[in-house]
Amino acid sequence: MILTDGLRSAVAAVRLWCSPARVREEGTTPDYRFSLANERTFLAWLRTGLALIGGGFAVDQFLPRLHPGVRLTFTVVLLAGGALCALRALNHWVRCERAMRRGEDLPVSRFPTALALAVGVLGVAVAVLVLLGWTG
C-alpha cells in the first residue's frame with residue numbers, strides 16, 4: 001500500500017515536470033518577481049549540474065595516471081551527481097512554484113547540503129591525490 005502510494009506520488013510529480021502549465025491550475029498567480037527568482041534558481045541548479053558533468057569528463061580526460069578504478073569512480077560520481085542535480089532542479093522548481101501559488105511556505109531540502117558535502121569530499125580526495133603525485 002505504501003509503495004503504491006509512493007509510486008503514484010512519483011508519477012504525479014513526473015507528470016508535472018513534463019507539463020508545468022498544469023501548475024497554473026493551482027491557487028493564485030504569485031508576484032511575477034517570485035516566479036522569476038524561482039526560475040533563476042532553477043537555472044543556477046542546471047549550471048551546477050553542467051559543471052559537475054564537465055568535472056566528470058575532466059577527471060576522465062586529464063587524470064590518466066590515476067588508478068583506473070579511482071578515476072572511473074570519480075568520473076561516475078561526478079556525472080551521476082550532475083544528472084541528479086538537473087533532475088532535482090526541476091523537482092524543486094515545481095515544488096516551489098506550487099507552494100507560492102498555494103500561499104504555503106517554500107519547501108525545504110537537504111539536497112544542497114548533501115551536494116556540498118559530496119563535492120567537498122571529492123575535492124579533498126582529488127587534492128590529496130594530486131599532492132601525492134598520483135595524478136601524473
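Everything in this summary refers to the structure shown in the same document. (Residues numbered from 1 in each chain as written. Predicted model: local features only at pLDDT ≥ 70, side-chain atom pairs only at ≥ 80, totals over all residues. Heavy atoms only, no water.)

1. Digging into the overall build of the protein chain
What counts here: The helix count covers DSSP runs of H or I at least four residues long, the strand count covers runs of E at least two residues long, and both are numbered beginning at the N terminus. Computation of the radius of gyration draws on C-alpha atoms alone. For the globule rule, the value is 2.2 Å times the number of residues to the power 0.38. Residue burial is assigned from relative accessible area. The probe radius is 1.4 Å, only protein chains are included, and a residue is buried under 20% of its type maximum, exposed over 50%, and partly exposed in between. Note on definitions: a residue-residue contact is assigned when non-hydrogen atoms from the two residues lie within 4.5 Å. Note on areas: Shrake-Rupley with a 1.4 Å probe; residue coverage comes only from the protein chains shown. By the counting rule applied here, Lys and Arg register as positive and Asp and Glu as negative, while His and the ends of each chain are not counted. The atom standing in for a charge is NZ when the residue is Lys, CZ when it is Arg, CG when it is Asp and CD when it is Glu.
Tallying secondary structure elements over the protein chain gives 4 helices and 0 strands in all. The order of α-helices and β-strands along the protein chain, N terminus first, is α-α-α-α. Computed over its C-alpha atoms, the radius of gyration of the protein chain comes to 19 Å, more than 25% above the 14 Å expected for a compact globule of 136 residues. Dimensions of the protein chain along its principal axes, counting C-alpha atoms only, are 60 × 40 × 20 Å. Every one of the 136 residues in the protein chain was classed for burial, and the buried ones make up 28%. Partitioning the contacts of the protein chain with sequence separation of at least 6, the portion at a separation of at least 24 is 71%. Carbon together with sulfur atoms contributes 68% to the accessible area of the protein chain, which is approximately 9,200 Å² in total. The centroid of the 15 positive side-chain charges in the protein chain is displaced by 6 Å from the centroid of its 9 negative side-chain charges.

2. So, the environment of W93
Relative to the elements of secondary structure, W93 occurs in helix α3 (residues 68-102). For W93, a relative accessible area of 15% gives the class buried. Measuring from C-alpha to C-alpha, the distance between W93 and S35 comes to 9.3 Å, with 58 residues separating the pair along the chain.

3. Some details on helix α4 (residues 111-131)
Short version of the rule: One less than the residue count of a helix, multiplied by 1.5 Å, gives the span that helix is expected to have. Directions drawn from the helix axis to the C-beta atoms are what define this arc.
Taking 1.5 Å per residue as the helical rise, α4 with its 21 residues ought to reach 30 Å, and the 30 Å between its terminal C-alpha atoms agrees with that figure. Three or more residues of α4 are buried, namely F111, L115, L122 and L129. Considered in projection along α4, the buried side chains sweep an arc of 65 degrees and stay on one side of the axis. With respect to the buried face of α4, the exposed residues turned more than 90 degrees away are T113, A116, L117, V121, V124 and L131. The secondary structure elements touched by the buried residues of α4 are α2 (32-62) and α3. Once α4 ends, the next one or two residues include G133, with phi positive near 80 degrees.

4. Topic: the packing of aromatic side chains
Spelled out, the test is: Between rings of Phe, Tyr and Trp, where Trp is taken as its six-membered ring, a pair exists when centres lie within 6.5 Å; planes separated by under 30 degrees are stacked, by over 60 edge-to-face, and by other angles tilted.
Under the defined criterion, the tally for this structure stands at 1 aromatic pair. Their ring planes at 50 degrees and their centres at 5.5 Å tell us that W45 and F111 sit as a pair that is tilted. With a gap of 66 residues between them, W45 in helix α2 and F111 in helix α4 connect regions that are remote in the sequence. Each of the two residues, W45 as well as F111, counts as buried.

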